[in-house]
Amino acid sequence: MTPGAPVEPVDPGWVGDFRTLALSPDGRRLAVSIFQNGEQQVWVKELPRGPLTKLTFDGVLNYRPQWTADGRNITYISNTGTEGLLMSKRADGSAAADTLLDLENVVQEGVFSSRGDWLVYRLTPRDIFARSPNGDTVTVVATPFEERAPALSPDGRWIAYQSDASGVYEIYVRPFPASETAQWQVSTDGGTLPRWSPDSRTLYYRSLSEMMAVEVVPGATFVAGERRSVFPLGAYEAGEGSFDVTPDGRRFVLIRNRRGGDEGELIVVENVFRELKTKVGQ
């Protein structure tokens, strides 16, 4: 996607100090953490221009929302009572929050598989684990290096993450849940924040200045196709949880910062699929 490709605000005039976000599985709601009045709390926005409802109230730091596959619940990281809990709450706010993980080490990220049977999470300082359907804990990646941003493919076969094993962050993929059996490096010039397309056929990630896309070749083993630039990222926030892919796989939601101030806006980048087809001459 070239500079000047179509973008539009999620809701014109809606600005704030947005930190992390996640689209619901049906694409009709957006969970977003917003920093204001010295607190970061999770809110739910009805798309495109519906109401914005506050979801979290306890503690001063609630962030990195993620939806469960059925769209009924939102998980998030919270410092409620202690630091680094993984919590879950009904997306409509109709019930009190439940604690999913309260561990000795701080929980930094947590996400369920698309079937809801696996819970993948990252602990401070650096390692990724998973809780299996029977409740056992599985080590996904634990090395002397720092692993972050775990992302399960929707078909449940692969887990992508970023690691600084080479001296800079790159994107890697392993089988899931048998992650010890293989590892593939996907990026070659730096990469962070992997995100899968809904059909598991494309892996997106951030390079230093561009959103990148890598086709996943169907087969019994993981094979990465050509890496392609999708659009430039100079105007967009680079933090963990700062973008998502729509359920149709054709658009991105990102946080665009305003120059000279803390307030930003949420932007939809359009026509990704058409632009990628143009790039490959289809």
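These numbers were taken from a predicted model, which means no experiment stands behind them.

Cut-offs used in this document
- Residues numbered from 1 in each chain as written.
- Predicted model: local features only at pLDDT ≥ 70, side-chain atom pairs only at ≥ 80, totals over all residues.
- Heavy atoms only, no water.
- Pairing = 2+ DSSP bridges.
- Helix = DSSP H or I, 4+ residues; strand = E, 2+ residues; numbered from the N terminus.
- Contact = heavy atoms within 4.5 Å.
- Axes fitted to C-alpha atoms, helices over the stretch in contact; angles between N-to-C directions.

Let us look at the sheet that holds strand β15 (residues 147-152). Ordered in space as β15-β16-β17-β18, the four strands form an open sheet in which the pairing is antiparallel. The open sheet terminates on both sides in strands that have one partner only, identified here as β15 and β18 (184-185). Where strand β17 (residues 170-175) and β18 come together, two bridges link them in antiparallel fashion. What sits directly across from Val173, in β18, is Trp184.

What follows concerns the side chain of Ser179. Within the secondary structure, Ser179 sits in the loop between β17 and β18. If near-sequence neighbours (up to four positions away) are discounted, Ser179 is found in contact with Thr139, Val140 and Arg174.

This paragraph deals with the sheet that holds strand β4 (residues 29-36). Strand order in the open sheet made by the four strands is β3-β4-β5-β6, with antiparallel pairing throughout. Two strands lie at the open edges of the sheet, namely β3 (18-23) and β6 (52-54), each paired on one side alone. Strand-to-strand, the axes of this sheet are offset by a mean angle of 25 degrees, without reference to chain direction. Bridge count between strand β5 (residues 39-46) and β6: three bridges; the pairing is antiparallel. Bridging across to β6, Trp43 finds its partner in Lys54.

Let's shift gears to the pairing of strand β11 (residues 107-112). As judged from the five bridges shared by β11 and strand β12 (residues 119-123), these two strands associate in the antiparallel manner. Opposite Phe112, over in β12, you have Leu119 as the bridge partner. Between the end of β11 and the start of β12, which pair antiparallel, lie six residues, with Gly116 showing a positive phi angle near 80 degrees.

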